[in-house]
Amino acid sequence: MAAPYAGHRARHPAYGGRANDERLDRAAALAREAGCTMAQLAMAYVLSHGPNLYAIVGTRRPERLAELPKALNLALAPHQLEYLARGTTQPRT
């Protein structure tokens, strides 16, 4: 099964590299576990870093923009934040 971001990677090969592939895999796994989209997970990750960090959101589809407010109710645990950032701990369910 192809990764959900495979099309994006094909169009934007400059984002390649093993470290980024591993980060995307971790994000996909946690999004599945949390029952959310990768975009919602990414937004929750940004929002977890406090009020002085802002997300700039861009999308071509209105339905993608409409799903992002759900990230406001998605709280990531400290071990999930660490796992996303560094991959140093395993996610706990």
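Everything quoted here is computed from the prediction, not taken from an experiment.

Here the structure, examined in full by the defined rule, presents three salt bridges. Across the pair Arg64 and Glu67 runs a salt bridge whose closest N-O atoms are separated by 3.6 Å. Of this pair, Arg64 and Glu67 both sit in helix 4 (residues 62-67), three residues apart, roughly one helical turn. We classify Arg64 as partly exposed; its relative accessible area is 38%. A salt bridge links Arg86 to Glu82, with the nearest nitrogen and oxygen atoms 3.0 Å apart. Taken as a pair, Arg86 and Glu82 lie in helix 5 (residues 78-86) at a separation of four residues, close to a single helical turn. The exposed category is assigned to Arg86, whose relative accessible area is 56%. Classification of Glu82 by relative accessible area gives partly exposed; the value is 27%.

Next up on the list: the packing of helix 2 (residues 18-34) against helix 5. Close contact between helix 2 and helix 5 brings their axes to 8 Å; oriented N to C, the two are set at 150°. By the criterion of interaxial angle, the relationship of helix 2 to helix 5 is roughly antiparallel. Of the residues in helix 5, those touching helix 2 at Arg23, Arg26, Ala27, Leu30 and Glu33 are Gln80, Tyr83, Leu84, Ala85 and Arg86. In terms of residue class, the contact of helix 2 with helix 5 is made up of five nonpolar, one polar and four charged.

About the criteria used
Residues numbered from 1 in each chain as written. Predicted model: local features only at pLDDT ≥ 70, side-chain atom pairs only at ≥ 80, totals over all residues. Heavy atoms only, no water. Salt bridge = Lys/Arg side-chain N within 4 Å of Asp/Glu carboxyl O. Helix = DSSP H or I, 4+ residues; strand = E, 2+ residues; numbered from the N terminus. Buried < 20%, exposed > 50% of the residue type's maximum accessible area, 1.4 Å probe, protein only. Axes fitted to C-alpha atoms, helices over the stretch in contact; angles between N-to-C directions. Parallel < 35°, antiparallel > 145°, perpendicular 65-115°, else oblique. Contact = heavy atoms within 4.5 Å. Nonpolar A, V, L, I, M, F, W, Y, C, P; charged D, E, K, R; others polar.

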